[in-house]
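Spelled out, the chains give:
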Amino acid sequence: MLLLIVFAPLVTALIILLGAPGRVTALAGSAVTALAAFIAFFSYDSARGGFQFVSSWTISESWRWHFLLGADGLSLIMLVLAALVLLGAVWFTPPIEKSERLFYVCLLLIASGAIGAFASLDLFFFYAFHEVALIPTFLLIGIWGTGDRFAAAWKITIYLALGSFVLLIGLILLYRSVPAAARTLDLRGLQAAASAGAIAPAAQNTIFLLLLIGFGVLISLFPFHNWAPEAYASAPAPATMLHAGVLKKFGLYGLLRIAMPMLPEGARHWSWLLLVLLIGNIIYIGLVTIAQKRLDWMLGYSSVMHMGYIFLGIASANIIGLNGAALLMFAHGISIALLFAVAGEIRRRTGTLVFSELGGLAKNMPFLGFTFGVATFAAIGLPGFANFAAEVMIFFGAFRVGGNLGGFHFFQIATVCALWGVVISAVYLLRAYRAIFMGPPNERWKAVPDLAGTLRIPVILLIAATLALGFFPNIALRVLRPTFSSAVAETTR
Amino acid sequence: MLPWLALLLPLASALIIMSATRPLRSLSAYVSVAAVLGSFVCACFIFFHGTATAAAISWIDLGVSFRVPLGLMLDSLSRSMLFMVTGVGSLVHIYSLGYMRDDDGKSRYFAGLSLFMFAMIGIVLANNFVMIFIFWELVGVSSYLVIGHWFERAAPADAAKKAFITNRVGDFGFMLGILMVWTATGSFVFTDAAKGMTGFAGHSGYLTATALLVFCGAVGKSAQFPLHVWLPDAMEGPTPVSALIHAATMVAAGVYMLVRVGFLIQASPDALEVIAWIGTITAVLAALMATQQNDIKRVLAYSTVSQLGYMVMAVGLASGEAAMFHLFTHAAFKALLFLGSGSLIYMLHHEQDMWRMGEQWKRMPLTCLTFLIGTLALIGFPGSSGFFSKDAILVLAYQRNFPIFVLGAFTALLTAFYMTRLVVVVFFGRPRSDVAARSGESPAVMVIPMLLLSIPAAIGGFGFFARRFLTLPNEGAPTLAVPMIALACLIVGVGTAILLYRGRTREPLNIAFFRDRLYLDDLYTFLIRATQGLLASLSAFVDRWVLDGAIVRGLSGGVFGGGFLLRLLQVGNLQAYAFLFGLGIIGLIYFTVFH
């Protein structure tokens, strides 16, 4: 099953390269991927827990190097997210003027990089799949981007390559910190060795810091976030949907999969640093977001800001916060993809995303307005959407850490900041909605058409997904719970 | 099952309208009305039958460490509240059939109304803090949607945003309070948290902070000073919405919530003191502002803020019963007044300036009659519903906190003054505009709900009626002083207003300070610009020019001496990156194999 999910987009890309029509093939391929991801998600046996659907192909026995696929709840929810957003991004791709087929190939490659990383149980492939996804990202921005696209493309590539490089050093050190006899690229084996206390606390501190920075750059952890808004503003909307919605989650996935469970001592040691930085993400970036005057930049910054909540859930390192973080990864992926999709459609119709030039668009484009409104309320954590359920869990999880009635400690203060961040989110997102969709309609956009026909299907699909998990978070928690009550429970304080 | 049905029917209606009947505007309206009537029938059955239990479902289940149930709490408090909310809701839905008959966005309007009913019933029935917060936010968003109903105009669009964000500020405190309740008592289910209140023992500071933070939620939702600013602006929404959401039910939800968590609030005397004073300040200030408004709905809006202040005052005086009593009578007479003002506005082609009305008693006799009944109740005319409930609060204040009593009585005087002013200017004198001279009575679908509401507004205060719904406050030894003082205030207020406004065509006082909301809104705008605006611009500047510009570029230039990366930039091709990547892979393999 996993093999199908991992290779469906790759094979589809190959078929398109061989000359098949771009859009239809890509749609079919991503639909197959999504279907397979759904089936895997719902057939996961949560009573048994652990990694399931495991399949292994030996590459080198002496190196203990395998092409090893397997998924637990965390992987599965990320796979569903990747497949859903891929489907949405492909569907939302407007007619492309230059080399349309290559565009679709790039989209599919980004998705398969993310999917491969989420499904890999082998350290090498976990890393390599993500690296693969960086190249098509570069191409998508460099070739089909808008604005100063070359600068943006280079900026994101250099940032992410540097982040990956730091990450690589960390991963190598991690691998080497295990005694030679137990050394393996199998994540399960590494975890077992780590749980048995194979990694000395001092080594954990060093490695965790490297992983935190390495993954952090990929997630746009403050102050390594500067690539995000610029790249997201330049990239074509489908690429941004995939990157902000899915690929960026690779770093978070890595923290949850490797750094937190394998290096509990390091996590504890550096939790203060993570808290400081995530407050930077929420409050400082939140303020920067308020000051933006264009929708694409604002959304780029807002996606940086919302990473702060996920960091908070991760930092809490208890079952409540970690489950919340995982659910928010999914929820944020959906809502930011929708927001960028709408932004792309607006730009396609009006040629501008500057607030002061837009206004009253909901009159002509009720459906687009509805979509943006729904995604806005999802992003600011309105109950009913998965974002709210996740944020509540994160708040409760973080507030509990070291909490007593004597006063507020660091985790409580960070929670307070995060709660204030909810106000900040409402300020900038509702302001954007007010500026773009409400108010007196601008004469220039009288004839602009609404989102019509089959383009509404992916919108409804994505909204339905986040509503389903918002009303019934237990759908996700069924598969997530076994993950975080076994591997990471050991770090619970 | 029945309570769940009452809760979910409006949600089903909202979903049906959004997904199916949106193009059929009249059908949407009937779906919505049918749903709320269905909820009302359920509520009647629950109320008269005394249903006490309903199944709970699990919303978030993380095993023993964290469970959030969605359960319904059915006691006499929630049963009565459910009855009132669905009852007033039904009347307003029916009234809306007339008021919104020709509106383009009728489907959207009724979908929003249904969503509101769902959320409001959820607040009433919630059995735990997280669940009440969920529906708390949902009433907020439905309020946002209906305030911004005419979104193509700037004022409603701004008002909707302001309402939502102001409420969010209150909810920031509310959520923090919930986290603290959970930390101290180990639960957020009301009944368990009440049992766990011993957890606060020895931490009175934490307890007070918790109670006040929970109160923050009510400050936002019930428009208490200093977060009252959104409610008058919310009058940009359609008038039936103002009656239902911004007078009778949603804004009262804050008071209801405080009564619901009375076990927490009443455990801290310091918190009670603060709450009582916030309520008092709100009551007085809002009444002062009401005296100089010229928009008929704004007068009523400030009056609502002021009356909510009375209720919060009662909560602060540790009498949930008195607060709920006034909440119920206020729901009836204020909804009635808003529907009356809507009837005027509808027949006067959306004219809301009371100085462009006049002599409407001749043209709209039924509206005038019911409006008078509502006014008498609001100013506490002896025998009316408002007389009894306001008297209950004033007696409390008289016994427990004399300064608050004095301010409460003064507010009563102001109330009598501004309502008499309104009635005199709107219904009597000469018509002062063309539309005012040519108006007529509203259609029956609007008048009948007003007639029905005037019954509880008139007699709702008598014990035989009120006791069916509520536990009335025990006033202790009856005192004659309080009703006498109240009556004196009433006479002074009414008398002054009649003398001052009879036959006037323009405002004789013109006190800009009161008319311009004590300049509080301007102050907030200034403060927001000075703090948030400045900080935001500063952060954006730092991010763009310092962090990105200087440090990142500087580092990439400096650390990689000679600028390996800059060269990479100039080379500008993919091979360089692929090379870097390949280097990494080789490094990884090297380490794995040879070490």
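Residues numbered from 1 in each chain as written. Chains lettered and ligands numbered in written order. Predicted model: local features only at pLDDT ≥ 70, side-chain atom pairs only at ≥ 80, totals over all residues.

Caption draft 1: Expanded view of the overall build of chain B. Helices and strands together make up the secondary structure of chain B, namely 27 helices and two strands. Radius of gyration (C-alpha) of chain B: 28 Å, near the 25 Å computed for a compact globule of 595 residues. C-alpha atoms of chain B, sized along the principal axes, occupy 95 × 60 × 50 Å. A fraction of 80% describes how many contacts in chain B between residues 6 or more apart in sequence connect residues 24 or more apart. (Helix = DSSP H or I, 4+ residues; strand = E, 2+ residues; numbered from the N terminus. Rg over C-alpha atoms; globule rule 2.2 N^0.38 Å. Contact = placed C-beta atoms within 7 Å.)

Caption draft 2: Broad picture of the overall build of chain A. When helices and strands are counted, chain A shows 20 helices and two strands. For 493 residues, the compact-globule formula gives about 23 Å, and the C-alpha radius of gyration of chain A, at 21 Å, lands near that figure. Each principal axis of the C-alpha atoms in chain A carries an extent, and together these give about 70 × 65 × 40 Å. When burial is assessed residue by residue, chain A has 66% of its 493 residues classed as buried. (Buried ≥ 20, exposed ≤ 12 C-beta atoms within 10 Å, placed from the backbone.)

Caption draft 3: Inspection of the interface of chain A and chain B at higher detail. Contacts between chain A and chain B engage 58 residues on the former and 54 residues on the latter. Among the elements that take part in the side of chain A that touches chain B, helix H18 (residues 410-436) of chain A stands out by supplying eleven residues, more than any other. Residue classes in the side of chain A that touches chain B are distributed as 42 nonpolar, ten polar and six charged. (Nonpolar A, V, L, I, M, F, W, Y, C, P; charged D, E, K, R; others polar.)

Caption draft 4: Geometry of the environment of Gly254 of chain B. All names here are of chain B. Here Gly254 lies in helix H11 (residues 250-260). Take Gly254: there are 28 C-beta atoms within 10 Å of it, and that puts it in the buried class. Separated by 34 residues in sequence, Gly254 and Gly220 place their C-alpha atoms 8.0 Å apart. In this structure Gly254 touches Gly217, Ala218, Lys221 and Ser222, once residues within four positions along its chain are discounted.

Caption draft 5: Summary view of unusual backbone geometry. The residue after Phe222 of chain A, namely Pro223 of chain A, is reached through a cis peptide bond having omega 0°. Here Pro223 of chain A lies in the loop between helix H8 (201-219) and helix H9 (227-234). Residue Pro226 of chain B follows Phe225 of chain B across a cis peptide bond; omega there is 5°. Here Pro226 of chain B shows up in the loop between helix H8 (204-221) and helix H9 (230-233). Phi at Leu518 of chain B is positive, roughly 55°, even though this residue is not glycine. Within the secondary structure, Leu518 of chain B sits in the loop between helix H24 (512-515) and helix H25 (520-558).

Caption draft 6: Representation of the pairing of strand S1 (residues 52-60) of chain A within the structure. Residues and elements named next belong to chain A. Two strands pair when backbone bridges link them, and S1 and strand S2 (residues 65-71) are joined in this way by six bridges, in the antiparallel orientation. Across the sheet, Thr58 pairs through a bridge with His66, a residue of S2. The antiparallel hairpin formed by S1 and S2 contains four residues in its connecting segment, where Arg64 sits at a positive phi of about 50°. (Pairing = 2+ DSSP bridges.)

Caption draft 7: Molecular detail of the packing of helix H3 (residues 76-99) of chain B against helix H4 (residues 106-125) of chain B. Residues and elements named next belong to chain B. H4 packs onto H3 with a crossing angle of 170° between their chain directions and a minimal axis gap of 9 Å. If you check the angle between H3 and H4, you find them roughly antiparallel. Residues Ser78, Met81, Leu82, Val85, Gly89, His93 and Ser96 of H3 form the contact with H4, whose own contacting residues are Leu113, Met117, Met120, Ile121, Val124 and Leu125. Split by residue class, the contact of H3 with H4 holds nine nonpolar, four polar and no charged. (Axes fitted to C-alpha atoms, helices over the stretch in contact; angles between N-to-C directions. Parallel < 35°, antiparallel > 145°, perpendicular 65-115°, else oblique.)

Caption draft 8: Here's a closer look at helix H13 (residues 295-316) of chain A. If you check H13 of chain A, its first and last C-alpha atoms are 32 Å apart, about what 22 residues at 1.5 Å a residue would give, namely 32 Å. At the C-terminal side of H13 of chain A, Ala317 of chain A shows a positive phi close to 55°. (Expected span 1.5 Å × (residues − 1).)

Caption draft 9: Up close: helix H1 (residues 2-17) of chain A. All names here are of chain A. Between its terminal C-alpha atoms H1 stretches 23 Å, which fits the 22 Å expected from 16 residues at 1.5 Å a residue. The largest bend along H1 reaches roughly 35° and is located at Ala8, with the proline Pro9 sitting one to four residues downstream. Positive backbone phi, approximately 120°, marks Gly19, located one or two places after H1. (Bend = angle between axes of the 7 residues up to and from the residue.)

Caption draft 10: The packing of helix H5 (residues 123-144) of chain A against helix H10 (residues 237-247) of chain A, seen in detail. Residue and element names in this part refer to chain A. Packing of H5 against H10 leaves a shortest axis separation of 10 Å and a crossing angle of 145°. Handedness of the crossing formed by H5 with H10: left-handed. Packed against H5, whose contacting residues are Ala133, Thr137, Leu140 and Ile141, the element H10 presents Ala239, His243 and Leu247 at the interface. (Left-handed = near helix turned anticlockwise from the far one by under 90°.)

Caption draft 11: Representation of the environment of His326 of chain B. All names here are of chain B. Looking at where His326 falls in the secondary structure, it is placed in helix H15 (residues 320-347). Distance in space between the C-alpha atoms of His326 and Phe388 is 8.4 Å, their sequence separation being 62 residues. If near-sequence neighbours (up to four positions away) are discounted, His326 is found in contact with Tyr310, Met311, Ala314, Ser389, Lys390 and Ile393.

Caption draft 12: Quick peek at the confidence of the model for chain A. Residues with a pLDDT of 70 or more make up 98% of chain A, whose mean pLDDT is 89. Mean pLDDT values over the elements of chain A span from 85, in helix H20 (residues 474-486) of chain A, up to 94, in helix H3 (residues 73-92) of chain A. (pLDDT = per-residue confidence, 0-100.)

Caption draft 13: Geometry of the environment of Arg22 of chain B. Residues and elements named next belong to chain B. Secondary-structure assignment places Arg22 in the loop between helix H1 (2-21) and helix H2 (25-49). Residue Arg22 is classed as partly exposed on the basis of its 16 C-beta neighbours within 10 Å. In the structure, Arg22 is positioned 83 residues away from Gly105 in sequence and 9.2 Å away in space, judged by C-alpha atoms. Arg22 has contacts with Ile17, Ser28 and Ser107, leaving out every residue within four places of it along the chain.

Caption draft 14: Quick peek at the confidence of the model for chain B. All names here are of chain B. When pLDDT is averaged along chain B, the result is 87, and 91% of the positions lie at 70 or above. Overall, residues 558-572 carries pLDDT values under 50, and its contacts beyond four positions in sequence, including any with other chains, amount to nine contacts. Confidence metrics for the complex model read pTM 0.91 and ipTM 0.92.

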